[in-house]
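# Topology and contacts: notes
For reference, the chains in residue letters:
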Amino acid sequence: GKLPPALPVPVPELPTGDIPSEPTIPSAAALQRRLSAADHAVLEREGVLLIKGLLSKKEAREVLLSFGANKKLLDTKPEQKLRASTGSGYGGGYTTIVKQPPALAAACDALRGWLTPPPDDSQDKCLLLRYGEGGVNWAHQDQAQSPWQAVLLLNPPTEYEGGALYIVDAAEEPLKRKEVPFESEGDVVVFAANSNAPGGRQWYHGMSEVRRGRRFAVGLFQ
């Protein structure tokens, strides 16, 4: 017989609010200062690194609100939904950002200059990520030339529970999931997306279940 219709995937609506006519854009010097405490050696050794406050709370908030205010920043194609039937996860969706808000573009440029090796030129796409209650992204590996990807949080962690990015070394026995929760909006978690990372370890990554609330973020270097 026919399969039952697919259940709707719950994805939270983008928040709306006033945004300034002149957006807040961090200078290159300010971003370099914010990256100065980030230890690349830890990233290479552990496969993941939390960089606190790459964007300020105000800058992160403006980036988030800009997506709700200007739909032209996002791809017109239907949002890709995570469904259990595809093995990718559940309760979330992602949309390609076709025009990056200035603060987001500045953050991407700063991270690209900091990472070694830098992301491949073909990996210049950013994705708007939305997860609601029950949302989860199962462990997976992205095959690309560059070993690095990153996730930038856009809303305060107080607005949700769970939703921590995690990594797994597939060769480790027993398997251990290392979670790296965000501490504030504007934080970035950089992680090894595949075995091209230093050491050639088989890194996988995912997101723990959002147990309450909603989580908005941007995936970098896709």
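Above: the structure in question.
Residues numbered from 1 in each chain as written. Predicted model: local features only at pLDDT ≥ 70, side-chain atom pairs only at ≥ 80, totals over all residues. Heavy atoms only, no water.

## Focus on the overall build of the protein chain
Formally: Runs of E in the DSSP output that reach at least two residues are strands. Runs of H or I that reach at least four are helices, and both are numbered from the N terminus. Computation of the radius of gyration draws on C-alpha atoms, with the globule rule given as 2.2 Å multiplied by the number of residues to the power 0.38. Exposure classes here rest on a 1.4 Å probe applied to the protein chains alone. A residue is buried below 20% of its type maximum, exposed above 50%, and partly exposed in between. With residues, only the protein chains shown are counted as cover, and all accessible areas are computed by Shrake-Rupley using a 1.4 Å probe. We treat Lys and Arg as the positive residues and Asp and Glu as the negative residues; His and chain ends play no part in the count. The atoms used to mark charge sites are NZ of Lys, CZ of Arg, CG of Asp and CD of Glu.
Within the protein chain, the regular secondary structure consists of four helices and twelve strands. Its C-alpha radius of gyration of 17 Å places the protein chain within 12% of the 17 Å reference for a compact globule of 222 residues. Considered along the principal axes of its C-alpha atoms, the protein chain spans approximately 60 × 50 × 35 Å. When the 222 residues of the protein chain are sorted by exposure, 48% land in the buried category. For the protein chain, the computed accessible surface area is about 11100 Å², with 52% contributed by carbon and sulfur atoms. The protein chain carries 25 positive and 26 negative side-chain charges, and their two centres are separated by 4 Å.

## Observations regarding the nonpolar core
Under the convention used in this document: Take the buried Ala, Val, Leu, Ile, Met, Phe, Trp, Tyr and Cys residues and link them wherever side-chain atoms come within 4.5 Å; each set so joined is a nonpolar core. What makes two residues a contact is simply this: any of their non-hydrogen atoms within 4.5 Å.
Membership of the largest hydrophobic core comes to 57 residues, with the highest contact counts inside it found for Phe67, Leu104, Leu111, Trp114, Leu154 and Leu220. Setting aside chain neighbours within four positions, we find leucine 104 in contact with Val63, Phe67, Ile97, Leu152, Val218 and Leu220.

## Re helix 4 (residues 102-114)
Defined as follows: Here, expected helix span is obtained from the residue count minus one, scaled by 1.5 Å.
For helix 4, which comprises 13 residues, the first-to-last C-alpha distance of 19 Å matches the rise-based estimate of 18 Å (1.5 Å per residue) to within 8%. Taken together, the buried positions of helix 4 are occupied by Ala103, Leu104, Ala106, Ala107, Cys108, Ala110, Leu111 and Trp114.

## Focus: the layout of surface pockets
The condition is simple: A 1.4 Å probe that fits but cannot get out identifies a cavity on a 1 Å grid over protein atoms alone, an open set with protein on both sides within 12 Å along at least five of seven lines counts as a pocket, and a residue lines either if it has an atom within 4 Å of a point. Grid points are joined across faces, edges and corners, and a volume is the space filled by probe spheres set on the points. Lys, Arg, Asp and Glu make up the charged group, whereas Ala, Val, Leu, Ile, Met, Phe, Trp, Tyr, Cys and Pro make up the nonpolar group; the residues left over, Gly among them, are polar.
The volume enclosed by the largest pocket comes to roughly 520 Å³. In terms of lining, the largest pocket is formed by 25 residues, of which the most central are Leu127, Asn137, His140, Asp142 and Gln222. If one sorts the elements of the lining of the largest pocket by residue count, strand 4 (residues 126-140) sits on top with five residues. For the lining of the largest pocket, a count of residues per class yields eleven nonpolar, eleven polar and three charged. Quantified by volume, the second largest pocket comes out at close to 280 Å³.

## Observations concerning the pairing of strand 5 (residues 148-153)
The side chains of a regular strand alternate between both faces of the sheet. Here is the rule: The pairing criterion is simple: DSSP has to find at least two bridges between the two strands.
Most of strand 5 sits inside the fold, with six of its six residues counted as buried. Burial along strand 5 is two-sided: Trp148, Ala150 and Leu152 and Gln149, Val151 and Leu153, pointing in opposite directions, are all buried. Bridge count for strand 5 against strand 9 (residues 188-192) is five bridges, and the pairing is antiparallel. From the neighbouring strand, glutamine 149 faces strand 9, where its bridge partner is phenylalanine 191. Relative to strand 12 (residues 215-220), strand 5 runs antiparallel, the two being bridged by four bridges. Its bridge partner lying in strand 12, valine 151 is registered against glycine 219.

## Here's the deal with helix 1 (residues 28-35)
Definition in use: Of all possible arcs, the one meant is that of the directions from the helix axis to the C-beta atoms.
Here helix 1 has its buried residues at Ala30, Leu31 and Leu35. The buried residues of helix 1 occupy an angular sector of 135 degrees when projected down its axis, which confines them to one face. Those residues of helix 1 that are exposed and angled more than 90 degrees off the buried face are Gln32 and Arg33. Residues of helix 1 that are buried make contact with strand 1 (48-51) and helix 4.

## Thoughts on the pattern of salt bridges
Between side chains of opposite charge, pairing is possible as soon as their charged atoms come close. Applicable threshold: Here a salt bridge means any side-chain nitrogen of Lys or Arg lying within 4 Å of a carboxyl oxygen belonging to Asp or Glu.
Evaluation of the coordinates by the stated rule reveals eight salt bridges. Residue arginine 130 pairs with glutamate 79 through a salt bridge whose shortest N-O separation is 2.8 Å. Note that arginine 130 is positioned in strand 4 and glutamate 79 in the loop between helix 3 (57-69) and strand 2 (80-82), a separation of 51 residues in sequence. Of the two residues, arginine 130 and glutamate 79, both sit in the buried class. A salt bridge links aspartate 169 to arginine 201; the nearest nitrogen and oxygen atoms lie 3.1 Å apart. Of this pair, aspartate 169 sits in strand 7 (residues 165-169) while arginine 201 is found in the loop between strand 9 and strand 10 (203-207), placing the two residues 32 residues apart along the sequence. In this structure, a network of salt bridges that share partners links the residues Arg45, Glu46 and Lys178.

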